[in-house]
Each structure stands twice: as C-alpha cells, then as structure tokens.
Amino acid sequence: MHKKSHLEQVLSDGKFTITVEVGPPKGSDPDKIRQKGEILKKCADAFNVTDNQTAVVRMSSMASCFILQKMNLEPIMQITCRDRNRIALQSDILGASAIGIKNILCLTGDHQSLGNHPESKGVYDIDSIQLIKIIKNMRDNGIFQNNDKIVYGKPDIFIGAVANPFADPFEYRVDRLEKKVEAGVNFIQTQSVFNLDKFKTWIDEVRSRGIDKKVYILAGTSPLKSLKMTNRMKYHVPGVDIPGYIIKRMEKAKDPQKEGFNIALELINEIKKIKGIHGIHITALFWENIIPSLFKEAGFLPRS
Amino acid sequence: MIITKQKSINQLLNSIGEGPVFIIGCNECATICQTGGEKEILEMKSILNNKGIEVSGWTILEPACHLLNDKRILRNYKNDINKSKNILVLACGNGIQTISEIFEDINIVPGTDTLFLGEIKHSNEFEKRCEMCGFCIVDLFDGLCPISRCPKNMLNGPCGGSTDGKCEVNKDIPCIWYIIFDRLIEKGQIDQLKEIQNPKDWSKSTKWRRFI
C-alpha cells in the first residue's frame, strides 16, 4: 500500500512547494547536520541531502538523512551513480527505505576528476535515467534490475531527478527530461536559475509537451553570497549559466551580500509567476542562515 | 591501435637498478606511438649506457604480442638475454606479458604505460575510441561510442555538465553526446535518442580473463 511522503503530499495538494539543500559535513560530527537542520527546519517541506557533492568526500547521504529524520525533518536522499554499481545502488535503495527514507533523488554525479580525490576510479555502471527506471521497477513491480523478485518488502520511494535547462545541447534538454519521465520520475529539481529567458524558453517547451502535468517541477535557486562565489559558480560549477548583468550587479554592489539577497528574491518572485513550476528548490552554499529571511520576504513562511 | 607512452627515465632507472639490460621493442603499435621502435630503443640504449648500465643487446619483435613468433625471434638472442639481469620491454601491456611468459627467470621491466585503444589523429596525437566492452552498440549512436568517449560512460546522455558543446571533465574535449546529437539531427534521426537504453551487460566485457 503506497503511503505518500510529506513532499508528495504537499505537491499533490497543489501547494507551491519548497525544498532546501542540506550539505553533510566533512566529518563525522552529527551536530553539524543538526545545526543546519535547526536553522532550516521551519523553512521547507523537504530537505535535500547531497551525496558527496562535487565529488568531495562528506558524511554519507543516508546517515545524514537519518539524523534529519530524528529531528522530524523529511529528507530527500540524493544518490549518484559515480561511486556505486547497480548492486550497491539497489542495496542502498532497500536500506534507505528500511530506515524510513521516502524520497530519493537520482543523479549521474559530478565527475570524480573535479573533486578532492581526482585519483579515484569512477564507477558509472549505470546512469541516472537507468537508476530511475530501476527504482520504479523495484517499487511498482517488485523486481531488481536483473528481474529477480524482491522477496521481503518493496521500497516505497517517491522518485526525483534533476534537469539542467542550461546545458548543451539546449534543443535536447526537454527530450532528456521526457526520457526521465518515461523512466518513471515523479519530481524534478532544476539546476539553479539565473538566466530567466533561457529558463522560460525551456519551460514553454516543457508545457507545450504537457510534461508539467506528468511530473512536479521545482525550479532551482541559489543566493549569491559574494562576487567570488558568483565567479566560482559561473566558471567552475558544471552546467551553471549566470548572465552578464547579474555578474555586473554583483561587481558594482557596495554590499554584495545584500545584492545577492535581492537578486535571489527577484528571481524567486519571477519564478513564482511561471506556469508549470510547482515549487522552488534552494541551494544556499555555505549561506544557510540567509534562507529564513529570504523566504520570509518571498512569502514562503510559515510552512506547516 | 594500442596507445602507449614511455615511462620517465627516472622511474625506469629505479626499476632497472643494475645491468646488463636487454631491450625489446615492437614493430607495430609501439613503433607508431614512438615508444618502442628502433629509434626509441637506440635512444634508450644510449641513455642507459650514459648512466653506466650495460645493454647486452636489443631486438624488435613483429609484433611483441605474438607468442610463437617471439619465441622464434628471441632464440637468436639467447646468450645475450641469459646474461642479462633485466629485460626492458618497450611495448604495450600485452607485449610485456608475452615476454614475461617466455622468460620466467629474468626480471621484466615495463618501459611504457599502456593508455587506451585509440585512433591516430596526427603524428603522435592519439584519441581513445574503444573500451573493448565486448558488445558493440555504436549503431545506436550514429557510429560513435559514448562508453569510451563519455567520461561517465552514459548511455542516456548527455549529463547536465556539458557547456558550449564541451565536456564537463575537460573543456578542451568536445562532449561526444553533443556530436551524436548534431549528427542525428542532420540525418533526421534524432528520435533514435528518445529510447531509454537499459543498463549495459558488462558480463560480455573482456575485462575479465577471457579467451577465444
């Protein structure tokens, strides 16, 4: 019997949904993840926990999710195909479900050569679309990737994935989203939106194909904390598209933090108006404590 | 072709330790890669001599991966090889191991690092083309292989990291998915990419000890 996660419930109720990223610490101290949870706990409907994001070693996503759950926060466990083969991935899906994790977001993963262990060997046995299909088959058909039957309990997972409307080839981006939908994805979080025009072009195509009726789409946002961070995102984070006018605003700003806050708020207010968008996913890299005031201004608080 | 690059001299000197050394090259891939042809062997001989290491002799196999042929050729160098402490092999990982199979009592020193199965683009410019996965599916991708040419081995690519048609991993390398996309658009066959490709059957891979 399918029991909806809180995230699925909020989305299916048609409410504008908020998810927030919580990056696990570089260490084993559970208080670090609790502190972030404490800052953000009233700000979001669910909390993305990254899986060794940008290929930098951190506390495991599943363990961090478990800690957040103990605080009554609902996690979205991110899982990448970079570090595990299909055996380990399916095993983690079962384990996550067993400890009560209900939302899993599938990614292929940032390449290990970009992280802090560039000497490591990547796995990439399967890609994110194949992972979505595997989880769907585990959940709906009770079978593993090899068609063996799942014997003791099918994982009841609300399946997420990402979409990057700004990557190349741009013309293919909606096709790829459609492939994820066909594979069985339930919700999508997009790459952070800075280039609104490009994003609108993408969502228009999404809507014209009716994809927004088949999958919930949350638009990504990231408040820019400084010019340094802006440049780092533009030039070093794969797939991020920050238009020149935003860079200029950050360059000219007397108080870059305030300007970053304003830009984020303006973008959020624009995104809220876009048809076919079901919510916002916010990634505040090392700036989590800005989120409560940003969301207050955006009218997202309080969240039940 | 099997692409190799020569190990650094310091690394080789470290592995060799002391002479005499017998040097073996290969007349095929390693010759074309300029890692194990006559020119490279003679250069290596002179470097070793300058370091005070005696070179007992040298030969070029035709090619080094041919066991029976190797045995036939190397019979002529029996005395030189028997008095050597090391055999330095300037061939690919396969050639090196064929030599190891023939000489069990002499130290075998690999003189190259074997990189990939690739294409000769220009003189001394090579690019990986095949992963030797054991089950070719390039018909699905207009004759191009995303397993060997996408760093994430994606079958349902491209990932979200490609920008300006370049790969997330190296901005000098074009994203192979971008090229596949362009070519299929050109041919009016882009719908081919809409089909979900299932996980690859790696049991067909030649990665394990297989033989035919």
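Sequence order as written defines residue numbering, which begins from 1 separately in each chain. Each chain is given a letter, starting from A, and each ligand a number, starting from 1, according to the order in which they appear as written. Only residues with pLDDT of at least 70 are given local features in this predicted model, and only at 80 or more are side-chain atom pairs given and counted; all residues enter the totals for whole chains, interfaces and linings.

It is worth spelling out the overall build of chain A at this point. In this description a helix means any DSSP run of H or I spanning at least four residues, a strand means any run of E spanning at least two, and both kinds are numbered starting from the N terminus. Looking only at helices and strands, chain A features 11 helices and 8 strands. The C-alpha atoms of chain A give a radius of gyration of 19 Å, which matches the 19 Å a tight globule of 304 residues would have. Over its C-alpha atoms, taken along the principal directions, chain A stretches across nearly 60 × 45 × 45 Å. Burial statistics for chain A: of 304 residues in total, 49% are counted as buried. A residue pair is marked as a contact if its C-beta atoms, positioned from the backbone, fall within 7 Å. Of the contacts made within chain A by residues no fewer than 6 positions apart, 79% connect residues no fewer than 24 positions apart. For a compact globule the rule gives 2.2 Å times the number of residues to the power 0.38, and the radius of gyration it is set against comes from C-alpha atoms. Any residue surrounded by 20 or more other C-beta atoms within 10 Å of its C-beta is treated as buried, while 12 or fewer makes it exposed and the intermediate range makes it partly exposed; C-beta atoms here are placed from the backbone.

Another aspect to go through is the pairing of strand E4 (residues 86–90) of chain B. Consecutive side chains of a regular strand alternate in pointing toward one face of the sheet and then the other. Residues and elements named next belong to chain B. Counting buried residues along E4, 5 of its 5 residues qualify, which places the element largely inside the surrounding structure. Covered by surrounding structure in E4 are Asn86, Leu88 and Leu90 together with Ile87 and Val89, the residues of both alternating faces. Pairing between strands is defined by DSSP: at least two bridges between the two strands are required. Examined bridge by bridge, strand E2 (residues 21–26) and E4 share 5 bridges and lie parallel to one another. Bridge pairing links Gly25 to Leu90 in E4.

All right, on to the confidence of the model for chain B then. For chain B, mean pLDDT is 94; residues scoring 70 or higher make up 97% of the total. Scored by ipTM, the complex comes to 0.92, with pTM at 0.95. A residue's pLDDT is the confidence the predictor assigns to it, expressed on a 0 to 100 scale.

Take the interface of chain B and chain A next. Taken residue by residue, the interface counts 23 residues in chain B and 24 residues in chain A. By residue class, the composition of the side of chain B that touches chain A is 11 nonpolar, 8 polar and 4 charged. Polarity classes work like this: nonpolar for Ala, Val, Leu, Ile, Met, Phe, Trp, Tyr, Cys and Pro, charged for Asp, Glu, Lys and Arg, and polar for all others, with Gly in that last group.

Our next topic: the sheet that holds strand E1 (residues 2–6) of chain B. Residues and elements named next belong to chain B. With antiparallel pairing, the 3 strands of this open sheet are ordered in space as E1-E6-E7. Lying at the two open borders of the sheet, with one neighbouring strand each, are E1 and strand E7 (125–130). Direction aside, the axes of adjacent strands within the sheet are offset by 70° on average. With 5 bridges connecting them, E1 and strand E6 (residues 112–122) associate as antiparallel partners. In the sheet register, Gln6 faces E6, and the bridge partner there is Thr112. To get an axis, a line is fitted to the C-alpha atoms, and for a helix only the part in contact is used. The angle between two axes follows their N-to-C directions and goes from 0 to 180 degrees.

Bringing helix H8 (residues 176–187) of chain B into the picture now. In an α-helix there are 3.6 residues to a turn, and that puts residues three or four apart on one side. All names here are of chain B. Counted at 1.5 Å a residue, the expected span for H8 with its 12 residues is 16 Å, and the 17 Å between its end C-alpha atoms agrees. Looking only at H8, the buried set comprises Ile176, Trp177, Tyr178, Ile180 and Phe181. Packing partners of the buried residues in H8 comprise helix H7 (146–149). Following H8 by one or two positions, Gly188 adopts a phi angle in the positive range, close to 70°. For a helix, the expected span equals 1.5 Å multiplied by the residue count minus one.

All names here are of chain A. Taken N-terminus to C-terminus, the directions of helix H4 (residues 86–98) and helix H5 (residues 128–140) make an angle of 45°; their axes are 11 Å apart at the nearest point. One finds that H4 runs oblique with respect to H5. The crossing of H4 and H5 is right-handed. Packed against H4, whose contacting residues are Leu89, Gln90 and Ile93, the element H5 presents Leu131, Ile134, Ile135 and Met138 at the interface. Among the residues forming the contact of H4 with H5, the class breakdown is 6 nonpolar, 1 polar and no charged. Roughly parallel means an angle under 35 degrees; roughly antiparallel, over 145; roughly perpendicular, 65 to 115; everything else is oblique. When the near helix sits turned anticlockwise from the far one by under a right angle, the crossing is termed left-handed; a clockwise turn instead gives a right-handed crossing.

Turning to the environment of Asp164 of chain B, a few remarks are in order. Mapped onto the elements, Asp164 of chain B comes out in the loop between H7 and H8. Expressed as a C-alpha distance, the spacing of Asp164 of chain B and Tyr178 of chain B, which sit 14 residues apart in the sequence, is 9.3 Å.

Here the focus is the sheet that holds strand E5 (residues 158–163) of chain A. Residues and elements named next belong to chain A. Strand order in the closed barrel made by the 8 strands is E1-E2-E3-E4-E5-E6-E7-E8, with parallel pairing throughout. Mean inter-strand twist for the sheet, computed between neighbouring axes without regard to direction, equals 25°. Two elements, strand E1 (residues 17–22) and strand E8 (residues 279–282), share 4 bridges in a ladder whose sense is parallel. Within E8, the position partnered with Ile18 by the bridge is Ile280. Strand contacts of helix H2 (residues 30–40): E1 and strand E2 (46–49), with the helix running at about 155° to E1, the strand carrying the most contacts.

For the rest of this paragraph, the subject is the packing of H5 of chain A against helix H6 (residues 173–183) of chain A. Residue and element names in this part refer to chain A. The geometry of H5 relative to H6 is characterised by a closest axis approach of 8 Å and an angle of 20° between their N-to-C directions. On the basis of the axis angle, H5 is roughly parallel to H6. Every pair of crossing elements has a handedness; the one defined by H5 and H6 is right-handed. Packed against H5, whose contacting residues are Ile129, Ile132, Lys133 and Lys136, the element H6 presents Lys179, Lys180 and Ala183 at the interface. The residue inventory of the contact of H5 with H6, partitioned by class, reads 3 nonpolar, no polar and 4 charged.

This part takes up unusual backbone geometry. Here the bond from Leu301 of chain A into Pro302 of chain A is cis, since omega is -5°, no more than 30 degrees from zero. By the secondary structure assignment, Pro302 of chain A is in the segment after helix H11 (291–298). Here the bond from Glu62 of chain B into Pro63 of chain B is cis, since omega is -10°, no more than 30 degrees from zero. Within the secondary structure, Pro63 of chain B is located in the loop between strand E3 (55–61) and helix H4 (67–74). With phi around 45°, Asn52 of chain A is a residue other than glycine that occupies positive phi space.

Residue and element names in this part refer to chain B. Within the fold, Ile147 resides in helix H7. Counting along the chain gives 16 residues from Ile147 to Glu131, while the straight-line C-alpha distance between them is 6.8 Å. Setting aside residues up to four positions removed in sequence, Ile147 forms contacts with Glu131, Cys133 and Asn153.

Once that is clear, we can look at the nonpolar core. Put simply, a nonpolar core is buried Ala, Val, Leu, Ile, Met, Phe, Trp, Tyr and Cys residues tied into one set by C-beta atoms within 7 Å. In this structure, Val20, Phe47, Ile104, Cys106, Ile132, Ile135 and Ile188 of chain A are the most contacted members of the largest nonpolar core, which totals 80 residues. With 6 residues, H5 of chain A is the single largest residue contributor to this core. Among the nonpolar cores identified, the runner-up in size contains 31 residues, and Ile3, Ile41, Val55 and Ala91 of chain B belong to it.

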